Amino acid sequence: MFEALSDKLRKVLKDLRGQGRLTEAHIEAAMREIRIALLEADVNYQVVKSFVDRVKEKALGQEVIGTLAPAQQVVKTVYDEMVEMLGGTSTQLLFTRRTPNVVMMVGLQGSGKTTTTGKLAKLLAESQHRRPLLLSVDVYRPAARQQLSIIANAIGQRTFEAPDINDPLELCRQAVRECQLTGYDTLLIDTAGRLHIDQELMDELQQIKRETSPMEILFIADAMTGQDAVRSAQQFHEQVGVTGIILTKMEGDTRGGAALSIKEVTGQPIKFIGVGERYDAIEAFYPDRIAQRILGMGDVLSLIEKVQSEVDEDKARELQEKLARDKFSLEDFRDQLRQMKRLGSLDKLMDMLPSGLFGGMKMTSEQTAEIEQKLKLTEAIIDSMTPAERRDHEILNASRRKRIARGSGTSVQEVNQMVNEYTEMRRMMRMMTSGGLGGMLGGLGGGLPGFGGGRRRKATKRRKKKKKH
Ligand SMILES: Nc1nc2c(ncn2[C@@H]2O[C@H](COP(=O)(O)OP(=O)(O)O)[C@@H](O)[C@H]2O)c(=O)[nH]1
Ligand SMILES: [Mg+2]
(Lines give C-alpha, C1' and ligand atoms only; values in the text may rest on other atoms or scores of the structure.)
(Ligands and ions follow the chains in the order given, each with its own letter.)
Protein backbone atom coordinates (compact mmCIF):
# COMPACT_ATOMS: atom_id res chain seq x y z
CA MET A 1 0.00 0.00 0.00
CA PHE A 2 1.17 3.48 -0.87
CA GLU A 3 4.72 2.25 -1.59
CA ALA A 4 5.59 4.66 -4.38
CA LEU A 5 4.19 7.70 -2.64
CA SER A 6 5.73 6.72 0.63
CA ASP A 7 9.20 6.37 -0.87
CA LYS A 8 9.01 9.78 -2.46
CA LEU A 9 7.57 11.63 0.50
CA ARG A 10 10.06 10.11 2.89
CA LYS A 11 12.88 11.25 0.67
CA VAL A 12 11.52 14.79 0.43
CA LEU A 13 11.10 15.04 4.18
CA LYS A 14 14.51 13.52 4.82
CA ASP A 15 16.14 16.08 2.56
CA LEU A 16 14.25 18.77 4.38
CA ARG A 17 15.51 17.57 7.73
CA GLY A 18 19.01 17.48 6.32
CA GLN A 19 19.02 21.24 5.74
CA GLY A 20 20.95 23.17 8.34
CA ARG A 21 18.73 26.22 8.19
CA LEU A 22 15.34 25.99 6.63
CA THR A 23 14.51 28.76 4.20
CA GLU A 24 11.33 29.61 2.39
CA ALA A 25 12.95 28.31 -0.77
CA HIS A 26 13.53 24.92 0.85
CA ILE A 27 9.89 24.70 1.83
CA GLU A 28 8.72 25.77 -1.62
CA ALA A 29 10.91 23.18 -3.25
CA ALA A 30 9.72 20.46 -0.90
CA MET A 31 6.08 21.37 -1.58
CA ARG A 32 6.65 21.15 -5.31
CA GLU A 33 8.00 17.66 -4.91
CA ILE A 34 5.19 16.64 -2.59
CA ARG A 35 2.69 17.92 -5.13
CA ILE A 36 4.24 15.85 -7.91
CA ALA A 37 4.42 12.78 -5.68
CA LEU A 38 0.73 13.05 -4.83
CA LEU A 39 -0.30 13.56 -8.44
CA GLU A 40 1.78 10.56 -9.46
CA ALA A 41 -0.02 8.57 -6.77
CA ASP A 42 -3.22 9.40 -8.65
CA VAL A 43 -4.64 11.69 -5.98
CA ASN A 44 -7.44 13.93 -7.17
CA TYR A 45 -6.07 17.20 -8.55
CA GLN A 46 -8.23 19.45 -6.38
CA VAL A 47 -7.37 17.46 -3.28
CA VAL A 48 -3.67 17.79 -4.02
CA LYS A 49 -4.02 21.49 -4.55
CA SER A 50 -5.80 22.18 -1.32
CA PHE A 51 -3.46 19.86 0.60
CA VAL A 52 -0.34 21.60 -0.68
CA ASP A 53 -1.86 25.04 -0.10
CA ARG A 54 -2.72 24.20 3.50
CA VAL A 55 0.69 22.73 4.29
CA LYS A 56 2.48 25.62 2.63
CA GLU A 57 0.46 28.21 4.45
CA LYS A 58 1.10 26.59 7.80
CA ALA A 59 4.74 25.79 7.16
CA LEU A 60 5.60 29.28 5.96
CA GLY A 61 3.42 31.07 8.45
CA GLN A 62 4.36 29.32 11.62
CA GLU A 63 6.71 30.61 14.20
CA VAL A 64 9.26 28.30 15.71
CA ILE A 65 7.21 26.84 18.51
CA GLY A 66 8.66 25.19 21.56
CA THR A 67 11.37 22.68 20.94
CA LEU A 68 10.46 21.47 17.48
CA ALA A 69 13.09 22.20 14.87
CA PRO A 70 11.71 23.95 11.77
CA ALA A 71 12.09 20.90 9.57
CA GLN A 72 10.35 18.76 12.17
CA GLN A 73 7.54 21.26 12.20
CA VAL A 74 7.10 20.94 8.47
CA VAL A 75 7.10 17.16 8.79
CA LYS A 76 4.51 17.42 11.51
CA THR A 77 2.37 19.75 9.42
CA VAL A 78 2.52 17.37 6.48
CA TYR A 79 1.53 14.58 8.81
CA ASP A 80 -1.36 16.49 10.40
CA GLU A 81 -2.75 17.53 7.03
CA MET A 82 -2.39 14.03 5.66
CA VAL A 83 -4.38 12.67 8.58
CA GLU A 84 -7.05 15.25 7.72
CA MET A 85 -6.96 14.30 4.05
CA LEU A 86 -7.53 10.67 5.01
CA GLY A 87 -10.52 11.57 7.11
CA GLY A 88 -9.29 12.82 10.48
CA THR A 89 -10.50 10.42 13.09
CA SER A 90 -11.48 6.84 12.52
CA THR A 91 -15.14 6.14 12.12
CA GLN A 92 -16.99 3.17 13.51
CA LEU A 93 -20.22 1.74 12.21
CA LEU A 94 -23.21 3.26 13.87
CA PHE A 95 -25.67 0.97 15.59
CA THR A 96 -28.82 1.66 17.52
CA ARG A 97 -30.98 -0.60 19.64
CA ARG A 98 -33.42 -1.10 16.83
CA THR A 99 -33.89 -4.64 15.55
CA PRO A 100 -32.51 -5.08 13.07
CA ASN A 101 -29.96 -2.44 12.24
CA VAL A 102 -29.69 -2.55 8.48
CA VAL A 103 -26.38 -2.15 6.68
CA MET A 104 -26.67 -1.78 2.93
CA MET A 105 -23.70 -2.62 0.77
CA VAL A 106 -23.67 -0.77 -2.55
CA GLY A 107 -21.23 -0.42 -5.41
CA LEU A 108 -20.33 -1.46 -8.91
CA GLN A 109 -20.03 -5.04 -9.99
CA GLY A 110 -16.74 -6.64 -9.05
CA SER A 111 -15.93 -4.05 -6.42
CA GLY A 112 -16.05 -6.65 -3.67
CA LYS A 113 -19.55 -6.18 -2.24
CA THR A 114 -20.36 -9.83 -1.69
CA THR A 115 -16.96 -10.72 -0.26
CA THR A 116 -16.99 -7.68 1.97
CA THR A 117 -20.48 -8.47 3.20
CA GLY A 118 -19.08 -11.76 4.45
CA LYS A 119 -15.97 -10.17 5.94
CA LEU A 120 -18.01 -7.57 7.74
CA ALA A 121 -20.45 -10.14 9.11
CA LYS A 122 -17.56 -12.16 10.48
CA LEU A 123 -15.94 -9.10 12.01
CA LEU A 124 -19.15 -7.86 13.60
CA ALA A 125 -20.01 -11.29 14.96
CA GLU A 126 -16.57 -12.11 16.26
CA SER A 127 -15.38 -8.84 17.65
CA GLN A 128 -18.47 -6.76 18.26
CA HIS A 129 -20.86 -9.36 19.60
CA ARG A 130 -23.44 -8.70 16.94
CA ARG A 131 -25.75 -11.29 15.44
CA PRO A 132 -25.80 -10.68 11.71
CA LEU A 133 -28.13 -12.11 9.11
CA LEU A 134 -26.95 -11.86 5.51
CA LEU A 135 -29.24 -11.14 2.60
CA SER A 136 -28.47 -11.01 -1.10
CA VAL A 137 -30.91 -9.01 -3.19
CA ASP A 138 -28.88 -9.52 -6.34
CA VAL A 139 -31.70 -11.31 -8.12
CA TYR A 140 -30.34 -10.68 -11.60
CA ARG A 141 -27.39 -13.03 -11.64
CA PRO A 142 -28.32 -16.59 -10.70
CA ALA A 143 -24.99 -17.29 -9.03
CA ALA A 144 -24.98 -14.14 -6.92
CA ARG A 145 -27.19 -15.35 -4.09
CA GLN A 146 -25.43 -18.67 -4.06
CA GLN A 147 -22.06 -16.91 -3.74
CA LEU A 148 -23.21 -15.17 -0.59
CA SER A 149 -24.52 -18.44 0.85
CA ILE A 150 -21.19 -20.12 0.26
CA ILE A 151 -19.35 -17.28 1.98
CA ALA A 152 -21.78 -17.28 4.88
CA ASN A 153 -21.23 -20.99 5.28
CA ALA A 154 -17.50 -20.53 5.31
CA ILE A 155 -17.63 -17.94 8.06
CA GLY A 156 -20.30 -19.70 10.10
CA GLN A 157 -23.02 -17.11 9.55
CA ARG A 158 -26.52 -17.40 8.14
CA THR A 159 -28.09 -16.02 4.99
CA PHE A 160 -31.77 -15.36 4.53
CA GLU A 161 -32.89 -17.84 1.89
CA ALA A 162 -36.04 -17.49 -0.19
CA PRO A 163 -35.21 -18.86 -3.65
CA ASP A 164 -38.75 -18.37 -4.92
CA ILE A 165 -38.80 -14.65 -4.32
CA ASN A 166 -37.28 -12.52 -7.02
CA ASP A 167 -38.34 -9.11 -5.85
CA PRO A 168 -35.57 -7.30 -3.92
CA LEU A 169 -38.06 -5.31 -1.83
CA GLU A 170 -40.03 -8.36 -0.83
CA LEU A 171 -36.79 -10.11 0.12
CA CYS A 172 -35.89 -7.14 2.32
CA ARG A 173 -39.29 -7.14 4.00
CA GLN A 174 -39.13 -10.83 4.79
CA ALA A 175 -35.53 -10.71 5.99
CA VAL A 176 -36.32 -7.83 8.33
CA ARG A 177 -39.22 -9.82 9.73
CA GLU A 178 -36.97 -12.85 10.14
CA CYS A 179 -34.53 -10.74 12.14
CA GLN A 180 -37.28 -9.49 14.40
CA LEU A 181 -38.63 -12.97 14.97
CA THR A 182 -35.34 -14.68 15.60
CA GLY A 183 -33.24 -11.99 17.21
CA TYR A 184 -30.71 -11.13 14.54
CA ASP A 185 -29.73 -7.59 15.41
CA THR A 186 -27.95 -6.73 12.17
CA LEU A 187 -29.14 -7.27 8.61
CA LEU A 188 -26.40 -6.99 6.01
CA ILE A 189 -27.86 -6.46 2.56
CA ASP A 190 -25.65 -7.30 -0.40
CA THR A 191 -27.17 -5.38 -3.29
CA ALA A 192 -26.84 -5.93 -7.02
CA GLY A 193 -24.11 -4.18 -8.92
CA ARG A 194 -23.73 -3.08 -12.49
CA LEU A 195 -20.69 -2.56 -14.64
CA HIS A 196 -21.66 1.09 -14.96
CA ILE A 197 -23.94 3.32 -13.03
CA ASP A 198 -27.45 3.24 -14.45
CA GLN A 199 -30.66 4.83 -13.31
CA GLU A 200 -32.51 1.56 -12.88
CA LEU A 201 -30.01 0.40 -10.29
CA MET A 202 -30.10 3.73 -8.49
CA ASP A 203 -33.89 3.60 -8.33
CA GLU A 204 -33.76 0.13 -6.88
CA LEU A 205 -31.25 1.15 -4.23
CA GLN A 206 -33.38 4.13 -3.28
CA GLN A 207 -36.38 1.86 -2.87
CA ILE A 208 -34.46 -0.56 -0.68
CA LYS A 209 -33.27 2.37 1.37
CA ARG A 210 -36.84 3.60 1.82
CA GLU A 211 -38.02 0.11 2.69
CA THR A 212 -35.34 -0.72 5.27
CA SER A 213 -34.15 2.65 6.66
CA PRO A 214 -30.56 1.47 6.91
CA MET A 215 -28.27 2.85 9.62
CA GLU A 216 -25.37 2.49 7.26
CA ILE A 217 -25.08 2.58 3.50
CA LEU A 218 -21.55 1.51 2.69
CA PHE A 219 -20.11 2.18 -0.71
CA ILE A 220 -17.70 -0.60 -1.66
CA ALA A 221 -15.01 0.38 -4.12
CA ASP A 222 -12.02 -1.33 -5.65
CA ALA A 223 -9.05 0.79 -4.58
CA MET A 224 -7.08 -0.25 -7.64
CA THR A 225 -9.48 1.65 -9.88
CA GLY A 226 -8.21 4.92 -8.41
CA GLN A 227 -10.07 8.01 -9.51
CA ASP A 228 -12.82 5.91 -11.13
CA ALA A 229 -13.65 4.67 -7.64
CA VAL A 230 -13.77 8.26 -6.40
CA ARG A 231 -16.07 9.32 -9.22
CA SER A 232 -18.51 6.49 -8.72
CA ALA A 233 -18.48 7.05 -4.97
CA GLN A 234 -19.53 10.60 -5.62
CA GLN A 235 -22.34 9.53 -7.93
CA PHE A 236 -23.64 6.88 -5.56
CA HIS A 237 -23.51 9.40 -2.77
CA GLU A 238 -25.47 11.95 -4.74
CA GLN A 239 -28.11 9.43 -5.76
CA VAL A 240 -28.45 7.18 -2.75
CA GLY A 241 -26.59 8.93 0.04
CA VAL A 242 -23.81 6.79 1.51
CA THR A 243 -22.64 6.91 5.12
CA GLY A 244 -19.21 5.42 4.63
CA ILE A 245 -16.78 3.81 2.24
CA ILE A 246 -14.97 0.52 2.19
CA LEU A 247 -11.99 0.32 -0.13
CA THR A 248 -11.17 -3.21 -1.20
CA LYS A 249 -8.02 -4.71 -2.69
CA MET A 250 -5.92 -2.19 -0.83
CA GLU A 251 -3.12 -4.69 -0.48
CA GLY A 252 -2.57 -4.59 -4.22
CA ASP A 253 -2.87 -0.85 -4.60
CA THR A 254 0.62 0.59 -4.63
CA ARG A 255 -0.49 4.13 -5.42
CA GLY A 256 -3.24 4.98 -2.99
CA GLY A 257 -4.99 7.66 -5.02
CA ALA A 258 -8.50 6.56 -4.08
CA ALA A 259 -7.76 6.34 -0.37
CA LEU A 260 -6.21 9.78 -0.37
CA SER A 261 -8.98 11.49 -2.31
CA ILE A 262 -12.28 9.84 -1.56
CA LYS A 263 -13.01 11.44 1.81
CA GLU A 264 -12.32 14.95 0.64
CA VAL A 265 -14.27 14.54 -2.60
CA THR A 266 -17.33 12.80 -1.18
CA GLY A 267 -17.25 14.07 2.39
CA GLN A 268 -17.80 10.49 3.54
CA PRO A 269 -15.26 8.62 5.65
CA ILE A 270 -13.47 5.41 4.78
CA LYS A 271 -14.58 3.01 7.47
CA PHE A 272 -12.80 -0.19 6.50
CA ILE A 273 -10.28 -1.45 4.00
CA GLY A 274 -10.13 -4.88 2.41
CA VAL A 275 -6.63 -6.26 2.28
CA GLY A 276 -6.94 -9.69 0.72
CA GLU A 277 -9.29 -12.42 -0.42
CA ARG A 278 -9.52 -14.20 2.90
CA TYR A 279 -12.56 -13.47 5.02
CA ASP A 280 -10.52 -11.98 7.80
CA ALA A 281 -8.70 -9.62 5.45
CA ILE A 282 -10.54 -6.51 6.55
CA GLU A 283 -9.28 -3.72 8.79
CA ALA A 284 -10.83 -0.70 10.40
CA PHE A 285 -9.44 2.41 8.76
CA TYR A 286 -7.33 4.65 10.97
CA PRO A 287 -6.24 7.83 9.21
CA ASP A 288 -3.41 8.48 11.66
CA ARG A 289 -1.92 5.04 11.31
CA ILE A 290 -2.12 5.18 7.55
CA ALA A 291 -0.45 8.59 7.50
CA GLN A 292 2.28 7.22 9.74
CA ARG A 293 2.72 4.32 7.42
CA ILE A 294 2.98 6.60 4.41
CA LEU A 295 5.34 9.10 5.97
CA GLY A 296 7.26 6.44 7.87
CA MET A 297 6.56 8.52 10.91
CA GLY A 298 9.94 7.48 12.20
CA ASP A 299 9.55 9.87 15.05
CA VAL A 300 6.66 8.04 16.59
CA LEU A 301 7.64 4.57 15.53
CA SER A 302 11.27 4.91 16.47
CA LEU A 303 10.23 6.06 19.89
CA ILE A 304 8.18 2.95 20.35
CA GLU A 305 10.99 0.79 19.02
CA LYS A 306 13.45 2.53 21.25
CA VAL A 307 11.37 2.01 24.32
CA GLN A 308 10.87 -1.61 23.38
CA SER A 309 14.50 -2.41 22.70
CA GLU A 310 15.81 -0.58 25.72
CA VAL A 311 13.36 -2.05 28.12
CA ASP A 312 14.07 -5.71 28.29
CA GLU A 313 10.80 -7.59 28.15
CA ASP A 314 11.52 -9.79 31.12
CA LYS A 315 12.50 -6.84 33.18
CA ALA A 316 9.27 -5.11 32.28
CA ARG A 317 7.26 -8.12 33.33
CA GLU A 318 9.15 -8.36 36.59
CA LEU A 319 8.45 -4.70 37.18
CA GLN A 320 4.76 -5.16 36.56
CA GLU A 321 4.62 -7.98 39.04
CA LYS A 322 6.39 -5.88 41.60
CA LEU A 323 3.99 -3.03 41.04
CA ALA A 324 1.07 -5.34 41.35
CA ARG A 325 2.39 -6.76 44.60
CA ASP A 326 3.31 -3.32 45.84
CA LYS A 327 6.99 -4.26 45.91
CA PHE A 328 8.27 -1.47 43.68
CA SER A 329 11.30 -0.35 45.67
CA LEU A 330 13.47 2.72 45.45
CA GLU A 331 16.04 0.41 43.90
CA ASP A 332 13.61 -0.34 41.07
CA PHE A 333 12.77 3.31 40.86
CA ARG A 334 16.43 4.16 40.32
CA ASP A 335 16.65 1.48 37.62
CA GLN A 336 13.73 3.13 35.91
CA LEU A 337 15.36 6.53 36.03
CA ARG A 338 18.53 5.11 34.54
CA GLN A 339 16.61 3.37 31.83
CA MET A 340 14.91 6.61 30.97
CA LYS A 341 18.22 8.37 30.74
CA ARG A 342 19.37 5.83 28.22
CA LEU A 343 16.42 6.78 26.04
CA GLY A 344 17.83 10.25 25.69
CA SER A 345 16.97 13.62 27.06
CA LEU A 346 13.44 14.26 28.16
CA ASP A 347 13.33 17.02 25.63
CA LYS A 348 14.04 14.69 22.79
CA LEU A 349 11.61 12.16 24.16
CA MET A 350 8.76 14.65 24.29
CA ASP A 351 9.56 15.81 20.78
CA MET A 352 9.10 12.35 19.46
CA LEU A 353 5.58 12.07 20.76
CA PRO A 354 2.88 12.88 18.23
CA SER A 355 0.70 15.79 19.10
CA GLY A 356 -2.29 13.53 19.60
CA LEU A 357 -0.69 11.71 22.49
CA PHE A 358 -1.66 13.09 25.87
CA GLY A 359 -3.89 15.55 24.05
CA GLY A 360 -0.88 17.46 22.78
CA MET A 361 0.87 17.85 26.11
CA LYS A 362 3.93 19.90 25.39
CA MET A 363 6.50 21.26 27.76
CA THR A 364 8.61 24.32 27.42
CA SER A 365 12.36 23.81 27.54
CA GLU A 366 12.43 25.41 30.99
CA GLN A 367 9.98 22.81 32.21
CA THR A 368 11.96 19.92 30.81
CA ALA A 369 15.18 21.38 32.21
CA GLU A 370 13.55 21.67 35.59
CA ILE A 371 12.38 18.10 35.47
CA GLU A 372 15.75 16.85 34.35
CA GLN A 373 17.39 18.69 37.22
CA LYS A 374 14.91 17.13 39.56
CA LEU A 375 15.57 13.66 38.17
CA LYS A 376 19.28 14.13 38.81
CA LEU A 377 18.59 15.12 42.40
CA THR A 378 16.31 12.15 42.83
CA GLU A 379 18.97 9.80 41.60
CA ALA A 380 21.57 11.38 43.86
CA ILE A 381 19.30 10.96 46.86
CA ILE A 382 18.67 7.30 46.11
CA ASP A 383 22.40 6.76 45.51
CA SER A 384 23.09 8.00 49.02
CA MET A 385 20.86 5.41 50.61
CA THR A 386 22.01 2.05 51.90
CA PRO A 387 20.75 -1.03 50.01
CA ALA A 388 18.43 -1.79 52.93
CA GLU A 389 16.90 1.67 52.71
CA ARG A 390 16.46 1.35 48.99
CA ARG A 391 14.64 -1.91 49.44
CA ASP A 392 12.34 -0.61 52.15
CA HIS A 393 11.63 3.10 52.37
CA GLU A 394 9.65 2.62 55.57
CA ILE A 395 12.82 2.44 57.60
CA LEU A 396 13.79 5.97 56.61
CA ASN A 397 13.60 7.72 59.95
CA ALA A 398 14.74 11.27 60.71
CA SER A 399 18.39 10.50 61.33
CA ARG A 400 18.67 8.38 58.19
CA ARG A 401 17.07 11.16 56.19
CA LYS A 402 19.52 13.67 57.58
CA ARG A 403 22.45 11.45 56.61
CA ILE A 404 21.07 10.94 53.11
CA ALA A 405 20.56 14.67 52.62
CA ARG A 406 24.15 15.31 53.61
CA GLY A 407 25.45 12.54 51.38
CA SER A 408 23.55 13.73 48.32
CA GLY A 409 24.11 17.44 48.82
CA THR A 410 20.41 18.08 49.28
CA SER A 411 18.24 19.17 52.18
CA VAL A 412 16.14 16.98 54.47
CA GLN A 413 13.14 18.73 53.01
CA GLU A 414 14.14 17.64 49.52
CA VAL A 415 14.65 14.08 50.72
CA ASN A 416 11.20 14.10 52.36
CA GLN A 417 9.62 15.47 49.23
CA MET A 418 11.31 12.84 47.08
CA VAL A 419 10.14 10.01 49.32
CA ASN A 420 6.60 11.38 49.32
CA GLU A 421 6.59 11.66 45.59
CA TYR A 422 7.93 8.14 45.27
CA THR A 423 5.13 6.69 47.38
CA GLU A 424 2.57 8.72 45.45
CA MET A 425 4.07 7.54 42.18
CA ARG A 426 3.96 3.96 43.37
CA ARG A 427 0.29 4.38 43.98
CA MET A 428 -0.23 5.95 40.56
CA MET A 429 1.78 3.31 38.78
CA ARG A 430 -0.11 0.54 40.44
CA MET A 431 -3.24 1.95 38.88
CA MET A 432 -1.77 1.78 35.42
CA THR A 433 0.23 -1.41 35.57
CA SER A 434 -1.79 -2.88 32.77
CA GLY A 435 -1.02 0.04 30.49
CA GLY A 436 1.95 -1.46 28.62
CA LEU A 437 3.72 1.23 26.67
CA GLY A 438 0.97 3.66 27.53
CA GLY A 439 1.54 2.97 31.17
CA MET A 440 5.24 3.34 30.73
CA LEU A 441 4.86 6.68 28.98
CA GLY A 442 2.23 7.63 31.48
CA GLY A 443 4.82 6.97 34.12
CA LEU A 444 7.17 9.17 32.19
CA GLY A 445 4.85 12.07 31.67
CA GLY A 446 2.56 11.72 34.58
CA GLY A 447 3.99 9.87 37.50
CA LEU A 448 7.38 11.46 37.79
CA PRO A 449 8.41 13.69 40.60
CA GLY A 450 8.59 17.23 39.38
CA PHE A 451 5.14 17.35 37.89
CA GLY A 452 2.55 18.96 40.07
CA GLY A 453 -0.29 16.73 41.21
CA GLY A 454 -2.85 18.62 39.16
CA ARG A 455 -1.01 18.18 35.94
CA ARG A 456 -0.45 14.54 36.68
CA ARG A 457 -4.09 13.86 37.20
CA LYS A 458 -5.03 15.73 34.09
CA ALA A 459 -2.62 13.75 31.95
CA THR A 460 -4.02 10.51 33.29
CA LYS A 461 -7.56 11.57 32.69
CA ARG A 462 -6.81 12.60 29.15
CA ARG A 463 -5.25 9.30 28.39
CA LYS A 464 -8.23 7.47 29.77
CA LYS A 465 -10.52 9.51 27.61
CA LYS A 466 -8.47 8.63 24.54
CA LYS A 467 -8.70 4.94 25.25
CA LYS A 468 -12.45 4.99 25.16
CA HIS A 469 -12.61 6.01 21.51
N1 LIG B 1 -7.20 -9.19 -3.30
C2 LIG B 1 -8.40 -8.86 -2.89
N3 LIG B 1 -9.45 -9.30 -3.55
C4 LIG B 1 -10.68 -8.95 -3.12
C5 LIG B 1 -10.87 -8.11 -2.00
N6 LIG B 1 -12.21 -7.93 -1.84
C7 LIG B 1 -12.80 -8.63 -2.81
N8 LIG B 1 -11.89 -9.26 -3.60
C9 LIG B 1 -12.09 -10.10 -4.78
O10 LIG B 1 -12.76 -9.34 -5.76
C11 LIG B 1 -13.56 -10.18 -6.57
C12 LIG B 1 -14.97 -9.62 -6.69
O13 LIG B 1 -15.58 -9.67 -5.42
P14 LIG B 1 -17.15 -9.78 -5.19
O15 LIG B 1 -17.36 -9.75 -3.74
O16 LIG B 1 -17.72 -10.91 -5.96
O17 LIG B 1 -17.61 -8.41 -5.84
P18 LIG B 1 -19.12 -7.88 -6.08
O19 LIG B 1 -19.40 -8.10 -7.53
O20 LIG B 1 -19.05 -6.42 -5.77
O21 LIG B 1 -20.01 -8.63 -5.20
C22 LIG B 1 -13.52 -11.53 -5.93
O23 LIG B 1 -12.62 -12.34 -6.64
C24 LIG B 1 -13.00 -11.26 -4.55
O25 LIG B 1 -12.29 -12.35 -4.02
C26 LIG B 1 -9.71 -7.63 -1.31
O27 LIG B 1 -9.75 -6.87 -0.34
N28 LIG B 1 -8.51 -8.04 -1.81
MG1 LIG C 1 -21.73 -9.66 -5.63
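Residues numbered from 1 in each chain as written. Chains lettered and ligands numbered in written order. Predicted model: local features only at pLDDT ≥ 70, side-chain atom pairs only at ≥ 80, totals over all residues.

## Describing helix H8 (residues 199–212)
Link 1 in the chain: Counted at 1.5 Å a residue, the expected span for H8 with its 14 residues is 20 Å, and the 20 Å between its end C-alpha atoms agrees.
Link 2 in the chain: Taken as a whole, H8 has its buried residues at Leu201, Leu205, Ile208 and Thr212. The buried residues of H8 occupy an angular sector of 60° when projected down its axis, which confines them to one face. Turned more than 90 degrees from where H8 packs its buried face, Gln199, Glu200, Asp203 and Arg210 sit exposed.
Link 3 in the chain: In this structure, the buried side of H8 is in contact with strand S1 (101–106), helix H7 (168–182) and strand S4 (186–190).
Link 4 in the chain: Once H8 ends, the next one or two residues include Ser213, with phi positive near 40°. (Helix = DSSP H or I, 4+ residues; strand = E, 2+ residues; numbered from the N terminus. Expected span 1.5 Å × (residues − 1). Buried ≥ 20, exposed ≤ 12 C-beta atoms within 10 Å, placed from the backbone. Arc of directions from axis to C-beta. Contact = placed C-beta atoms within 7 Å.)

## Examining unusual backbone geometry
Link 1 in the chain: Put simply, Thr99 and Pro100 share a cis peptide bond, and its omega is -10°.
Link 2 in the chain: In this structure, Pro100 sits in the loop between helix H4 (70–85) and S1.
Link 3 in the chain: One non-glycine residue, Asp42, lies in the positive phi region at around 70°.
Link 4 in the chain: With respect to the helices, strands and loops of the structure, Asp42 is situated in the loop between helix H2 (24–40) and helix H3 (45–61).
Link 5 in the chain: A positive phi angle, near 40°, is found at Ser213, a position not held by glycine.
Link 6 in the chain: Assignment of secondary structure puts Ser213 in the loop between H8 and strand S5 (216–222).

## A word on the site of ligand 1
Link 1 in the chain: The immediate surroundings of ligand 1 are formed by 18 residues, with Gly112, Lys113, Thr114, Thr115 and Gly274 found nearest.
Link 2 in the chain: No other element matches helix H5 (residues 113–127), which puts 3 residues into the shell around ligand 1. (Near = placed C-beta within 6 Å.)

## Quick look at helix H11 (residues 287–295)
Link 1 in the chain: Of the positions making up H11, those classed as buried are Pro287, Asp288, Ile290, Ala291, Ile294 and Leu295. Taken down its axis, H11 places every buried residue within 160° of arc, on the same side.
Link 2 in the chain: Where H11 is buried, its residues meet helix H1 (3–18) and H4.
Link 3 in the chain: Positive phi appears at Gly296, one or two residues downstream of H11, with a value of about 55°.

## Things to note about the packing of H2 against H3
The description of two packed helices rests on the angle between their axes and on the distance between the axes.
Link 1 in the chain: Running from N to C, H2 and H3 cross one another at 160°; their axes reach a closest spacing of 10 Å. In this view, H2 runs roughly antiparallel relative to H3, as classed from their interaxial angle. Relative to H3, H2 is oriented so that their crossing is right-handed. Across the interface between the two elements, Glu24, Ile27, Met31, Ile34, Arg35, Leu38 and Leu39 from H2 touch Val48, Phe51, Val52, Val55, Lys56, Ala59 and Leu60 from H3.
Link 2 in the chain: For the contact of H2 with H3, a count of residues per class yields 11 nonpolar, no polar and 3 charged. (Axes fitted to C-alpha atoms, helices over the stretch in contact; angles between N-to-C directions. Parallel < 35°, antiparallel > 145°, perpendicular 65-115°, else oblique. Left-handed = near helix turned anticlockwise from the far one by under 90°. Nonpolar A, V, L, I, M, F, W, Y, C, P; charged D, E, K, R; others polar.)

## Re the pairing of S4
It is a general feature of regular strands that their side chains alternate between the two faces of the sheet.
Link 1 in the chain: By the criterion of burial, S4 is predominantly enclosed, with 5 of the 5 residues buried.
Link 2 in the chain: Residues Thr186, Leu188 and Asp190 point to one face of S4 and Leu187 and Ile189 to the other, with burial holding for every one of them.
Link 3 in the chain: Relative to S4, S1 runs parallel, the two sharing 5 bridges. Among the inter-strand pairings, Val103 is bridged to a residue of S4, identified as Leu188.
Link 4 in the chain: Here strand S2 (residues 132–136) pairs with S4 via 5 bridges, running parallel. Paired with Leu135 across the bridge in S4 is Ile189. (Pairing = 2+ DSSP bridges.)

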